[in-house]
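As a plain string of letters, each chain reads:
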Amino acid sequence: MFSKILIANRGEIAVRIIKTCRRMGIETVQVYSEADAGSLAVEMADEAVLIGPAPAAQSYLLADRIVEAVRQTGAQAVHPGFGFLSENAGFARRLRDEGIAFIGPNPEAIEAMGDKISSKKLAAEAGVSTVPGHMGLIETPDEAVRIAGEIGYPVMIKASAGGGGKGIRVAHSDADMAEGFAAVKAEALNAFGDDRVFLEKFIVDPRHIEIQVLGDKHGHVVHLFERECSIQRRNQKVIEEAPSPLLDEATRMAMGAQAVALAQAVNYDSAGTVEFVAGQDKSFYFLEMNTRLQVEHPVTELITGVDLVEQMIRSAWGETLAFEQKDLKIDGWAIESRIYAEDPYRGFLPSIGRLVRYEQPEEGDQGDYTVRNDSGVREGDEISMFYDPMIAKLCAWGETRAAAVEGMARALEDTHLSGLGHNVPFLAAVMDQDRFKSGELSTSYIKDEFPDGFHGLKPTTQQERILIATALAMNEVIAEQDGDPSDRTDWIVMIDREPHGVELSYDADEEMILTLTGGGDIRLSDIDWRPGLAQFRAELDDEPFTAEVKRSADGFDIRHRAAKARVRVLRPEIARMYARLPEKVAADTSKLVLSPMPGLVVSIPVTVGQEVKTGETVAIIEAMKMQNILKAERDGVVKAVGAKDGDPVAADDVLVEFA
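Right, let's walk through the structure included here.

Here is what the cut-offs are and how they apply
- Residues numbered from 1 in each chain as written.
- Predicted model: local features only at pLDDT ≥ 70, side-chain atom pairs only at ≥ 80, totals over all residues.
- Heavy atoms only, no water.
- Pairing = 2+ DSSP bridges.
- Helix = DSSP H or I, 4+ residues; strand = E, 2+ residues; numbered from the N terminus.
- Axes fitted to C-alpha atoms, helices over the stretch in contact; angles between N-to-C directions.
- Contact = heavy atoms within 4.5 Å.
- Buried < 20%, exposed > 50% of the residue type's maximum accessible area, 1.4 Å probe, protein only.
- Core = buried A, V, L, I, M, F, W, Y, C linked by side-chain atoms within 4.5 Å.
- Arc of directions from axis to C-beta.
- Polar contact = N/O pair within 3.5 Å; in protein donor to acceptor, adjacent residues only side chain to side chain.

## Comments concerning the sheet that holds strand β29 (residues 535-540)
Thinking step 1. The strand order around the closed barrel formed by eight strands is β25-β26-β27-β28-β29-β30-β31-β32, and the pairing between neighbours is antiparallel. Sheet twist, expressed as the mean angle between neighbouring strand axes with direction ignored, is 35 degrees.
Thinking step 2. Summarising the sheet, strand β26 (residues 498-506) and strand β27 (residues 512-516) pair through five bridges and their orientation is antiparallel. Directly across from Glu503, in β27, lies its bridge partner Thr515.
Thinking step 3. Packing against the sheet, helix α16 (residues 461-481) makes contact with β25 (490-495), β26, β27, β28 (521-528), β29, β30 (543-552), β31 (555-560) and β32 (563-570), and its axis sits at approximately 140 degrees to β31.

The following block contains the structure:
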């Protein structure tokens, strides 16, 4: 077995690989850019080597620097994780030529599957179902429009070398096709150095289901069942689960057999994923093969008990798979939520900065569910603009899907972050939705359920009780600490501007009893909070919960899952005064086009005095290697332009002002 492995990646996947290497008794070398000098992965590794400045093109994507680090440290193998050089056949071939093991598939398999056009041809030859489309390269927008007309709208525009949600657009008309074709080519060239584009039919109301495969260098290939990855935003997976609530055993076996057949056709010899687009009728078509470890691999590990990183290492060493297909079984259900530094209340825009606070849920067996949290950052770390803004992959396992969903919701409750925007409230919202609980998913789920963007969810009756009880308990604790406890028993608790009458008392065990004016008593026990803590933990009628809390000038800001509110605990006479206060009117920004995120101005194709129609492009901003097209929301005349091509801009900077 290898004695030392170099990890050519960063963040949570680097930490993940280090953990398995430690368990196997293998030393690790962590390469890092200047931006990652103080990272958790660097701290955990046995050795660390600086390979360049922050931009990936000057560090993690430089094969020469990686090979030099291998030579410098005496590492015998390289694990590329995912992203960066993980699917670069040239890099894998170079390592092989230099006598360095690549912990991934052979370069020929990477090459065969890495090009989405040739991979579809190979899939068809291997008997795998494929989506109708045009597999030849397309050079011009006019040609793209003509071919799209032949296929029939809607049509997917995809970069041949794409991945990670980049280089994809859906066109519903000739106009969409012309604009989207140019955007995809630009994104593909920028992200992958390859602007080749192809078209395929877009399956209406589709689901994204993938099969995990695993092979060795002796011709053995197995599949480890499926993952459902239909909850996506901008073609980027957000929530994944295993198994899929759609599949029956017959469909599962058919998809698995096709995935294995494709892997065998290219002599696949490591962990890989065959992705399918599936119809609600359980029809399925080959999408692509990812010749690497997937971000969502933990859910497969949780339902099979197989450590995929370990299996990749053993395969690279030349070991034969220690199990056959008949030995693999599905045990329970697992869900993964990707926690990102992005603000769901601002259209999920990147929110880079310092992680001022990061409280993670306790890992391991929690009774009805099990928690796993793969994270590459700690409290105080900075989320850099140079890389993917992922903070963690939070996973929950349960014996049933319902148990896994509730376990995930509780784990999200126990996660607290501050210092930047994050998507935890959104993830919690999905867990609480009846549609998600039913398993009726599709890749348009987020667009369907949140057509006007995410603004949180209205508190349920149970959540109103949680907000009321939390605020009253905090009010009592603060009064006691200040040496001014109140003997008052009648209170008005206002959730935003809605009043709730409450009678407060204590039982023989000194637990709080709240009698609501609307009827019913609730009991608050096992309170775990003191001033300064950002999380309030307690049991409401013997059910545990965690709420995120913050004191404000006249009350408390409290969030439970996706429901948040300003909550005030008031004497009845003060509550009557609050009811008379006018509501604050938001500032009018209707005449302004604001930058939705920090980034670089690609272009502002309008000038002062120009008449602009609704829907016309007024600015293009690039952030996280993605181009964001901003369009006019109404007709108007340009009064001022606040930036020029190439300018760096911050969130809410004025780009264009209308008269």
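## Comments concerning the pairing of strand β23 (residues 390-398)
Regular strands show a simple pattern: their side chains alternate between the two faces of the sheet.
Thinking step 1. Burial analysis of β23 places nine of its nine residues in the buried class, which makes it a mostly covered element.
Thinking step 2. In this sheet, β23 lies alongside strand β15 (residues 333-340) in antiparallel orientation, the contact comprising eight bridges. Paired with Trp333 across the bridge in β23 is Gly398.
Thinking step 3. Of the pairings in the sheet, the one linking strand β21 (residues 370-375) to β23 comprises six bridges and is antiparallel in character. Looking at the pairing, Asp374 lines up with Lys393 of β23.

## Observations concerning the nonpolar core
Thinking step 1. Membership of the largest hydrophobic core comes to 40 residues, with the highest contact counts inside it found for Ile239, Ile335, Ile391, Phe426, Met431 and Phe436.
Thinking step 2. Of all the elements in the fold, those that place two or more residues in this core are β12 (236-242), β15, β23, α12 (401-413), α13 (424-432) and α15 (445-449).
Thinking step 3. Here this core gets seven residues from one element, more than from any other, and that element is α13.
Thinking step 4. Those residues in contact with Phe436, other than ones at most four positions away along the chain, are Ile231, Ile239, Glu241, Ile335, Arg401, Val405, Val430, Met431, Leu441 and Tyr445.
Thinking step 5. Of all hydrophobic cores here, the second largest spans 37 residues; its members include Met44, Ala77, Leu214 and Phe323.

## Structural notes on helix α4 (residues 89-97)
Thinking step 1. Taken together, the buried positions of α4 are Ala89, Phe91, Ala92 and Leu95. The arc that holds the buried residues of α4, viewed along the axis, is 165 degrees, so those residues lie on one side.
Thinking step 2. If you follow the buried residues of α4, they end up packed against α3 (63-73), β4 (77-79), β5 (101-102) and α5 (107-114).
Thinking step 3. Measuring from the backbone nitrogen of Gly90 back to the side-chain oxygen at the start of α4 gives 3.0 Å, which picks out Asn88 as the cap.

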